[in-house]
Amino acid sequence: MELSTSTRKDMDASLPEIVGHLNLLLGEDLGADEDQDVRELFRKGYRLLDLQNRPTAETPSFGAFLYLRDAADVTRRLLWIYTQRHGLDAP
């Protein structure tokens, strides 16, 4: 998704999927107790899931795009950790 070619409707449609994946990964045991980097990703992830931090209808498109970018980045990084911890091929 690129800011210059994405509509707000596209962003709003992607939001539940990204948030859903992030929520699932935060429910996994990824070693946050032992790994400071994972713990920081969990903090960022939970902050993004907080309803007060999610885009609303009044949020400008740029703000919604930034939220999606940040949520996708944390999700991707947690997914990479998940694949490494479980011996899976990286997606």
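The coordinates are above.
Below is a summary of the structure that appears in this document. Small disclaimer: the values here were computed from a predicted structure and weren't measured.

What counts and how
- Once a new chain begins, its residue numbering starts again from 1 and follows that chain's sequence as written.
- Only residues with pLDDT of at least 70 get local features here, since the model is predicted, and only at 80 or more are side-chain atom pairs given and counted; chain-wide, interface and lining totals rely on the full set of residues.
- Side-chain metrics rest on all non-hydrogen atoms present in the structure, leaving aside hydrogens and water.
- Per the convention used, a helix needs a DSSP run of H or I reaching at least four residues, while a strand needs a run of E reaching at least two, with both numbered from the N terminus.
- Helices are assigned an expected span. That span is 1.5 Å times one less than the residue count.
- Three labels apply to residues, based on accessible area from a 1.4 Å probe with only protein chains included: buried if under 20% of the type maximum, exposed if over 50%, partly exposed otherwise in between.
- Of all possible arcs, the one meant is that of the directions from the helix axis to the C-beta atoms.
- Every residue pair with non-hydrogen atoms within 4.5 Å of one another is taken to be in contact.
- One speaks of a salt bridge when a side-chain nitrogen belonging to Lys or Arg is within 4 Å of a carboxyl oxygen belonging to Asp or Glu.

1. Quick notes on helix 2 (residues 36-49)
Here's step 1: Relative to the 20 Å expected for 14 residues at 1.5 Å per residue, helix 2 spans 20 Å between its end C-alpha atoms, a close match to the ideal helical length.
Here's step 2: Restricting attention to buried positions, one finds in helix 2 the residues Val38, Leu41, Phe42, Gly45, Leu48 and Leu49. One side of helix 2 holds all its buried residues, which, seen down the axis, span an arc of 125°.
Here's step 3: At its buried positions, helix 2 is contacted by helix 1 (8-26) and helix 3 (61-85).

2. Side note on the pattern of salt bridges
Here's step 1: One pass over the structure, following the stated rule, counts six salt bridges.
Here's step 2: A salt bridge links Asp12 to Arg8; the nearest nitrogen and oxygen atoms lie 2.9 Å apart. Linking Asp12 with Arg8, this pair stays in helix 1, spanning four residues, or about one helical turn.
Here's step 3: Residue Arg8 is classed as buried on the basis of its relative accessible area of 17%.
Here's step 4: One salt bridge in this structure joins Arg43 and Glu40, with 2.8 Å as the shortest N-O distance. Taken together, the residues span about one helical turn, with Arg43 and Glu40 both in helix 2 at a distance of three residues.
Here's step 5: A relative accessible area of 39% places Arg43 in the partly exposed class.
Here's step 6: One connected set of salt bridges, linked through shared partners, spans Asp73, Arg76 and Arg77.

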